[in-house]
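Survey of secondary and tertiary structure
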Amino acid sequence: MPILEKISQPSQARHWTDSIPLEYHYTAGVAGEAFRQELKETGRFLISKCAKCKNSYVPARMFCPSCFVEMKETKPLEKPGYVYSFTVVNRNRTGEPGEPVTILLVKFEGVEGGIIHKLDAKTSDVSFGMRVSPTLKNPDERTGALTDILSFRPI
Ligand SMILES: [Zn+2]
């Protein structure tokens, strides 16, 4: 039945279940790709610095969200991060109860933005402002994905 035809009897209403094969390819963008390359090759986080407002951002991005100007200056982040916020997740992706996982929002002094990742320590050991550093995969195993970061652990 074409979609423009009206149903006069409820018994005419039908539905069917099927699937539409769709395939997506997302890119990380220019700055995102540079961030991924830096992570893969050196294990460091790439930041962008705005020439106008002097703010720095992690992960690297092309445009300053405050000034809307292109940020051309990038450099690897040298400082350790700190726990800005955290939460404990007690369920897995399907909603089933599972082992508690502590998820951190890691920020870096003098840099806007942050990295969200797992904590590699007991939840009782985490506190706001605690210094953390990333644990990465071995250089030959890295692919340039955020999964190259295994976790963050207290320094
Ligand atoms: Zn700016």
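See the structure shown above.
Reference entry: report on the structure contained in this document.

What counts and what doesn't
- Residues numbered from 1 in each chain as written.
- Predicted model: local features only at pLDDT ≥ 70, side-chain atom pairs only at ≥ 80, totals over all residues.
- Helix = DSSP H or I, 4+ residues; strand = E, 2+ residues; numbered from the N terminus.
- Contact = placed C-beta atoms within 7 Å.
- Pairing = 2+ DSSP bridges.
- Expected span 1.5 Å × (residues − 1).
- Buried ≥ 20, exposed ≤ 12 C-beta atoms within 10 Å, placed from the backbone.
- Arc of directions from axis to C-beta.
- Axes fitted to C-alpha atoms, helices over the stretch in contact; angles between N-to-C directions.

1. A look at the environment of Gly129
Among the structural elements, Gly129 can be located in the loop between strand S6 (111-118) and strand S7 (131-136). For the pair Gly129 and His117, spaced twelve residues apart in sequence, the C-alpha separation works out to 15 Å. Setting aside anything within four residues of it in sequence, one finds Gly129 in contact with Tyr82 and Val83.

2. Remarks on the pairing of strand S4 (residues 81-91)
Two elements, S4 and S7, share two bridges in a ladder whose sense is antiparallel. Along S7, the bridge assignment pairs Tyr82 with Arg131. In textbook terms, the turn of a hairpin is the stretch between consecutive antiparallel strands, and for S4 and strand S5 (residues 97-108) this stretch comprises five residues, one of which, Gly95, has a positive phi near 90°.

3. Topic: helix H1 (residues 29-42)
Its 14 residues place the ends of H1 20 Å apart at the C-alpha level, agreeing with the 20 Å of an ideal helix rising 1.5 Å per residue. When H1 is considered as a whole, its buried residues turn out to be Phe35, Arg36, Glu38 and Leu39. Axial view of H1: buried residues confined to an arc of 160°, hence all on one face. Away from the buried face of H1 by more than 90 degrees, exposed residues Val30 and Glu41 are located. In this structure, the buried side of H1 is in contact with strand S1 (46-49) and strand S3 (73-76). Residue Gly43 follows H1 closely and has a positive phi angle near 75°.

4. Observations concerning the sheet that holds S6
On the basis of which strands lie adjacent, the open sheet formed by eight strands has the order S3-S1-S2-S6-S5-S4-S7-S8 and mixed pairing. Whereas interior strands pair on both sides, the edge strands pair on one side only; in this sheet they are S3 and strand S8 (149-154). Strand-to-strand, the axes of this sheet are offset by a mean angle of 30°, without reference to chain direction. Bridging between S7 and S8 involves five bridges; their strand directions are antiparallel. Bridged to Thr135 within S8 is Ser151. Strands S1 and S3 of the sheet are contacted by H1, whose axis makes an angle of about 140° with S1.

5. Here we look at the environment of Arg153
Within the secondary structure layout, Arg153 lies in strand S8. Residues Arg153 and Ala121, spaced 32 residues apart in sequence, show a C-alpha to C-alpha distance of 6.3 Å. When neighbours within four sequence positions are excluded, Arg153 is seen to be in contact with Asp120, Ala121, Val132, Ser133 and Thr135.

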